[in-house]
Amino acid sequence: MICRARAPAKVILFGEHWVVHGGRALASAIGLYSSVYAEPLREGVIVESRNLGVMEDVLKSCRVFCNLKRSFEYIANGVMWPARIVVNSEIPVGAGLGSSAAVAVSASAAYACVGGRDVTPELVSNAAYESEKLVHGTPSGVDNTVSAFGGFLLYRRGEGFKAIHVGSLNDVTLLVIDTGVIRSTAKAVSLFSSRLKRLNSIGQDLLRLAEGIVEEALRAVRKGDAVMLGELMDVAHGLLNAMGVSHIELEKAVHAARANGALGAKLTGAGMGGSAIALVEKERAAAVAENLRRLGFRVYSGALGVRGVSITALE
Ligand code: MEV
């Protein structure tokens, strides 16, 4: 059996970092994809990345793809079957869009399919979580969950996710502004966590505030209140900045987006680099994106709420 799998990136609208500490995150799948092709082999589990120009037989040893090996072990639940797995991802790396999770979800799905396993979003999300633990240390699980299941999700660690229906935000676009500053999620999570701990009761107050923002954001999303949503994004960014996970380039991006008429803007994902998101009225989106590009940022605007992992068995 030859299989192709595709899994989307994610964008966290509200609650990144706080979700590692028991808060909730509101996230959406976004139409940027990792695609993986898998075919059976006589021996070895060979992983190849066109983007990275790397090829490894992870059965013999691994340097770059040890995380994917973990996912394949989880899928096989015993002896791994031989296969060639080719990864091709259009998701910028280290940009806060969950590229490692989307690669792990799509690779796990293709590997499961080539081994004749039943591919469910739950199976590949769990497999990708194994990989994420190796990459990020203490991931909340939001990235692999959104990539596997798609749509808009409200997520709390340990409780799993709830699908959210977002019907009426048709007049606005979400721009993803990539600063090009690559940073480590593990480092950002550890920096945020140690500050939260040092802040004692103030940290707990901030966590409650972040929860309040998610609650209001849910109300705004359900009502289709884009103006309120934008305002909440600004406030959420302020809290993340206070926790030390912003970056000068993120500040430039957020302020430039607002100065160009965005309804609101914030960092997304781990921060300390990576991307910001800006909520913009549809008719202004192209002009805002162009102005941001002139400042040197890469700007994406994939569709929100796209479906999660998909798999095609070719023969
Ligand atoms: C990373 O995309 C989001 C963080 O909240 C970490 C996590 O949830 O695992 C910063």
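Here is a short report on the structure shown in this document.

About the criteria used
- Residues numbered from 1 in each chain as written.
- Predicted model: local features only at pLDDT ≥ 70, side-chain atom pairs only at ≥ 80, totals over all residues.
- Heavy atoms only, no water.
- Core = buried A, V, L, I, M, F, W, Y, C linked by side-chain atoms within 4.5 Å.
- Buried < 20%, exposed > 50% of the residue type's maximum accessible area, 1.4 Å probe, protein only.
- Domains from an automatic or database assignment.
- Contact = heavy atoms within 4.5 Å.
- Pairing = 2+ DSSP bridges.
- Helix = DSSP H or I, 4+ residues; strand = E, 2+ residues; numbered from the N terminus.
- Axes fitted to C-alpha atoms, helices over the stretch in contact; angles between N-to-C directions.
- Disulfide = S-S within 2.5 Å.
- Near = heavy atom within 4 Å.
- Polar contact = N/O pair within 3.5 Å; in protein donor to acceptor, adjacent residues only side chain to side chain.
- Nonpolar A, V, L, I, M, F, W, Y, C, P; charged D, E, K, R; others polar.

**Focus: the nonpolar core**
Membership of the largest hydrophobic core comes to 64 residues, with the highest contact counts inside it found for L13, F14, W18, L26, I164, I177 and L292. Each of two domains, domain 1 (2-165 + 306-314) and domain 2 (172-302), supplies a minimum of three residues to this core. Each residue touching L292, except ones within four places of it in the same chain, is listed here: L175, I177, A253, A256, A257, F297 and V299.

**Some words on the sheet that holds strand β8 (residues 172-178)**
Pairing within the open sheet is antiparallel, and its 4 strands lie in the order β9-β10-β8-β11. Two strands lie at the open edges of the sheet, namely β9 (264-268) and β11 (298-300), each paired on one side alone. When strand polarity is set aside, the average angle formed by the axes of neighbouring strands in this sheet is 25°. Sheet analysis places β8 next to β11, joined by 3 bridges and oriented antiparallel. Bridging across to β11, V176 finds its partner in Y300.

**Considering the state of the cysteines**
This model, assessed by the stated rule, comprises 2 disulfides. The residue that forms a disulfide with C3 is C113, at a sulfur-sulfur distance of 2.0 Å. Judged by the sign of its S-S torsion, about -75°, the bond between C3 and C113 is left-handed. A residue pair is termed long-range when its members are at least 10 positions apart, and C3 in strand β1 (residues 3-14) and C113 in helix α2 (residues 99-114) qualify at 110 residues. Each member of the pair C3 and C113 is classed as buried. For C62, the disulfide goes to C66, at an S-S distance of 2.2 Å. Residues C62 and C66 share a disulfide whose torsion about the S-S bond is about 110°; that sign makes it right-handed. The exposure class of C62 is partly exposed, given its relative accessible area of 28%.

**With respect to the site of the ligand**
For the ligand, the set of nearby residues contains 13 residues, the closest of which are K10, H17, P139, S140 and D143. A distance of 3.0 Å separates an oxygen atom of the ligand from a polar side-chain atom of K10. One nitrogen or oxygen atom from the side chain of S140 is found 2.5 Å from an oxygen atom belonging to the ligand. Looking at the shell around the ligand, the elements that each hand over two or more residues are β1 and α4 (142-149). Taken together, the residues of the shell around the ligand break down into 7 nonpolar, 3 polar and 3 charged. Counting contributing residues, the shell around the ligand receives three or more from each of domain 1 (2-165 + 306-314) and domain 2 (172-302).

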